[in-house]
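Architecture at a glance
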Amino acid sequence: MDLSGRTALVTGSNRGIGRALSEALAREPLGLLLCGMRNPGGFEPIATGASGAREVKAVRIDLSSREAIEQCCAELGPDLARIDLLVNNAGLVTGGLLEEQDLEEVYAMFQANLLGLVQLTRAVLPGMLERRSGKVVNNASISGYAFFPAASTYAASKAGVVAFTESLRRELKGTGVSTLHLATGGVDTDMLDATEETYGRYLDTSRWDKVPASEWAGKVIAAIREDRTVLGPGGKTAVAKLASRGPAFLLDRISDRMFSREPRA
Ligand SMILES: NC(=O)c1ccc[n+]([C@@H]2O[C@H](COP(=O)([O-])OP(=O)(O)OC[C@H]3O[C@@H](n4cnc5c(N)ncnc54)[C@H](OP(=O)(O)O)[C@@H]3O)[C@@H](O)[C@H]2O)c1
């Protein structure tokens with residue numbers, strides 16, 4: 001996708017991968033970059049540079065409920081129909097043994113990771129279809145491929161994102177609108193710290209890959225430019241993605257080495 005003059009919206013733009021993606025996109029020759037976040041009042045301005053985005057605007061995107069999303073879309077006004085590049089990045093994680101997971105957290109996670117992403121995509125798509133041009137980028141996870149224990153609900157939400165995006169990709173063939181899903185691996189953010197803490201009671205997370213968010217953002221921008229349909233992780237995480245497409249015993253072996261139902265010391 002040629003980004004010149006385009007309008008982009010990134011959700012969860014205030015921190016982590018979303019912030020890094022927004023900073024990288026702001027350096028591209030976009031017309032308008034909409035930085036979506038729950039509290040746009042706290043937006044820390046982003047530098048664009050001489051050849052960067054013409055305008056950067058913080059907007060409210062709260063994926064916590066169907067009504068909140070409807071309200072946020074209404075607040076976007078005419079900008080909603082102008083979005084050429086939608087980056088569904090915002091997300092939540094919860095984990096641990098299923099019987100110990102907090103049900104409120106599980107519902108909030110499915111809402112943000114999957115239902116909210118579907119609803120926002122559905123709201124943005126008509127403008128793209130009318131212009132016969134656009135791209136939807138969905139931040140899934142390696143967990144959407146490699147289904148490790150202590151991650152059952154998170155993995156289910158992210159596998160849902162992979163399934164949704166791939167189904168939509170086929171549905172959109174010939175419309176000028178394309179998709180990209182990110183099989184994101186370990187990226188150094190608050191969420192990775194939280195994940196290590198949540199899963200770490202039962203899973204050895206000590207050898208996880210951890211790349212800077214800015215490095216991952218650079219790869220995402222390249223994948224958008226090259227119109228790739230999936231972006232996978234590097235390092236050891238790439239092996240897990242590969243193994244997930246093979247017979248189940250491959251991941252079972254890795255899982256047996258990493259996981260114990262008894263809390264780790
Ligand atoms: N970091 C990794 O290693 C990794 C690996 C695989 C996939 N991912 C995926 O990458 C995406 C970004 O993760 P991250 O690591 O950057 O996490 P992060 O640092 O925890 O940031 C999460 C972002 O999502 C926003 N968010 C959460 N719930 C929301 C809701 N209901 N409505 C609107 N915004 C909401 C947060 O907003 P607030 O600041 O308001 O909470 C924040 O901006 C997520 O989808 C995550 O699942 C991350």
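Below is a summary of the structure that appears in this document. Given the structure is predicted, the values throughout are model-derived calculations rather than measurements.

1. Observations concerning the overall build of the chain
Of regular secondary structure, the chain possesses nine helices and seven strands. Relative to the 2.2 N^0.38 estimate, which gives 18 Å for 265 residues, the radius of gyration of the chain is 18 Å and therefore close to what a compact globule would have. Overall, the chain is about 55 × 35 × 35 Å in size when its C-alpha atoms are taken along their principal axes. Sorting the 265 residues of the chain into buried and exposed places 50% on the buried side. In the chain, the share of contacts with a sequence separation of at least 24, taken over all contacts with a separation of at least 6, comes to 71%. Total accessible area computed for the chain in this model is approximately 12,700 Å², and 52% of it derives from carbon and sulfur atoms. Here the chain carries 31 positive and 32 negative side-chain charges, and the mean point of each set is 6 Å from the other.

2. Details of the packing of aromatic side chains
A complete count under the given rule lists one aromatic pair for this structure. Ring plane angle 85° and centroid distance 6.1 Å describe the contact between Y199 and W208, whose orientation is recorded as edge-to-face. Among the residues examined, W208 registers a relative accessible area of 28% and is labelled partly exposed.

3. As for the packing of helix α1 (residues 16–26) against helix α7 (residues 213–225)
At their nearest, the axes of α1 and α7 sit 8 Å apart, and the two run at 55° to each other. Taken together, the axis directions place α1 and α7 in an arrangement best described as oblique. Of the two elements, α1 crosses α7, and the hand of that crossing is right-handed. Along its contact with α1, which presents G16, I17, A20, L21, A24 and L25, the element α7 presents A213, S214, W216, A217, V220 and I221.

4. So, the layout of surface pockets
Size it by volume and the second largest pocket reaches roughly 170 Å³. Those elements giving two or more residues to the lining of the second largest pocket turn out to be α8 (235–244) and α9 (248–258). By residue number, the principal contributor to the lining of the second largest pocket is α9, which donates four residues. In the lining of the second largest pocket, the residues fall into seven nonpolar, three polar and two charged.

5. Brief notes about the side chain of H181
One can find H181 in strand β6 (residues 177–182). Accessibility expressed as a relative area gives 1% for H181, which makes it buried. A distance of 3.4 Å separates polar atoms of two side chains, one belonging to H181 and the other to E166. In this structure H181 touches N138, Y145, V162, T165, E166, T229, V230 and L231, once residues within four positions along its chain are discounted.

6. Side note on the site of the ligand
Residues in close proximity to the ligand total 28 residues, the closest being N14, R15, I17, Y154 and T189. Between the ligand and the protein, one listed contact pairs an oxygen atom with a backbone N or O atom of I17 at 2.7 Å. Backbone polar atom of V187 to an oxygen atom of the ligand: 2.8 Å apart, as the coordinates give it. Protein contact buries 93% of the 900 Å² of open area that the ligand shows by itself. Put simply, the parts of the chain that give the shell around the ligand at least two residues each are α1, α5 (152–171) and α6 (190–199).

7. With respect to the packing of helix α2 (residues 66–76) against helix α4 (residues 103–131)
Look at α2 against α4: their axes get within 10 Å of each other, and the N-to-C directions meet at 35°. Two packed elements cross with a definite hand, and for α2 against α4 that hand is right-handed. Facing α2, whose interface residues are R66, I69, E70 and C73, α4 presents Q111, G116, Q119, L120 and A123. Class assignment of the residues belonging to the contact of α2 with α4 gives a composition of four nonpolar, three polar and two charged.

8. Concerning the side chain of T184
Positionally, T184 belongs in the loop between β6 and α6. Among the polar contacts listed, one links the side chain of T184 to the side chain of N139, at a separation of 2.6 Å. Beyond its immediate chain neighbours, meaning those up to four positions away, T184 contacts I17, N139, A140, S141, I142 and W216.

Each value, and the rule that gives it
Residues numbered from 1 in each chain as written. Predicted model: local features only at pLDDT ≥ 70, side-chain atom pairs only at ≥ 80, totals over all residues. Heavy atoms only, no water. Helix = DSSP H or I, 4+ residues; strand = E, 2+ residues; numbered from the N terminus. Rg over C-alpha atoms; globule rule 2.2 N^0.38 Å. Buried < 20%, exposed > 50% of the residue type's maximum accessible area, 1.4 Å probe, protein only. Contact = heavy atoms within 4.5 Å. Areas by Shrake-Rupley, 256 points an atom, 1.4 Å probe, with all protein chains shown as cover. Lys, Arg positive; Asp, Glu negative; His and termini not counted. Charge placed at Lys NZ, Arg CZ, Asp CG, Glu CD. Phe/Tyr/Trp six-rings, centres within 6.5 Å; stacked < 30°, edge-to-face > 60°. Axes fitted to C-alpha atoms, helices over the stretch in contact; angles between N-to-C directions. Parallel < 35°, antiparallel > 145°, perpendicular 65-115°, else oblique. Left-handed = near helix turned anticlockwise from the far one by under 90°. 1 Å grid on protein atoms, 1.4 Å probe; cavity = no way out; pocket = protein on both sides within 12 Å on 5 of 7 lines; lining within 4 Å. Points joined across faces, edges and corners; volume = space filled by probe spheres on them. Nonpolar A, V, L, I, M, F, W, Y, C, P; charged D, E, K, R; others polar. Polar contact = N/O pair within 3.5 Å; in protein donor to acceptor, adjacent residues only side chain to side chain. Near = heavy atom within 4 Å.

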